[in-house]
Amino acid sequence: MLLRSLATAAAVIFGTHGLVGTASAMGNDPDQNVIRVISATYGASCGVAPGNATRDVAARCNGRLFCDYKVSYKVLGDPAYGCKKDFQVKYQCGRRGTFQGSAPGEAGYGTPVALICN
């Protein structure tokens, strides 16, 4: 049973797409050096409420060692019509402190933002 669990965990972590992991396999243990999104905001430069993108970024990136998040207005909507919206994300890598990623105005057209824990 233990060997099967280890094999399953290894398959998830090393999978066919490299070293990726998942939140369920990696857990929420702060001693694990994986991404845990604290907050993400699309349109802070336009005065929108902070954290409006947190749920989507966390769903896509939590539990991974690397996440190349592509900012998309098609997913996040248009929280400030007519304004060039930026993107900001804060995340943790285990107990190593808080890290940040960002993209300038007009980020919603697929601008990639890399979240990295290594």
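Look above for the structure.
Let me begin by describing the structure that accompanies this report.

**Details of unusual backbone geometry**
Positive phi values are uncommon outside glycine, yet Glu106 reaches one of about 70°. Note on placement: Glu106 falls in the loop between β4 (98-103) and β5 (109-116). The class for Glu106 is partly exposed, based on a relative accessible area of 36%.

**What about the environment of Arg96?**
Here Arg96 is to be found in the loop between β3 (87-93) and β4. Residue classification places Arg96 among the partly exposed positions, given a relative accessible area of 43%. For the pair Arg96 and Cys117, spaced 21 residues apart in the sequence, the C-alpha separation amounts to 9.4 Å. Among the polar contacts listed, one links the side chain of Arg96 to the backbone oxygen of Asn118, at a separation of 2.7 Å.

**A few points about the state of the cysteines**
A complete count under the given rule lists three disulfides for this structure. The side chain of Cys46 participates in a disulfide bridge whose partner is Cys83; the two sulfur atoms lie 1.9 Å from each other. Between Cys46 and Cys83, the S-S torsion sits near -90°, and that sign places the bridge as left-handed. Here Cys46, found in the loop between β1 (35-42) and α3 (54-61), pairs with Cys83, found in the loop between α4 (73-76) and β3; they are 37 residues apart in sequence, far enough to count as distant. Each disulfide of the protein chain joins two cysteines, and with those cysteines numbered along the sequence the arrangement is 1-4, 2-3, 5-6.

Rules used in this analysis
Starting from 1, residues in each chain are numbered consecutively following that chain's sequence as written. At least 70 in pLDDT is required for a residue's local features to be given in this predicted model, at least 80 for side-chain atom pairs to be given and counted, and no such filter applies to totals for whole chains, interfaces and linings, which use all residues. Note: side-chain values were computed over all heavy atoms of the structure, leaving out hydrogens and water. Strands are runs of DSSP state E lasting at least 2 residues, helices are runs of H or I lasting at least 4, and numbering of each runs from the N terminus. Residue burial is assigned from relative accessible area. The probe radius is 1.4 Å, only protein chains are included, and a residue is buried under 20% of its type maximum, exposed over 50%, and partly exposed in between. Definition of a polar contact: a pair of N or O atoms within 3.5 Å, with one able to donate and the other able to accept a hydrogen when the atoms are protein atoms, and with sequence-neighbouring residues admitted only if both atoms are side-chain atoms. In plain terms, two cysteine sulfur atoms within 2.5 Å form what is called a disulfide here.

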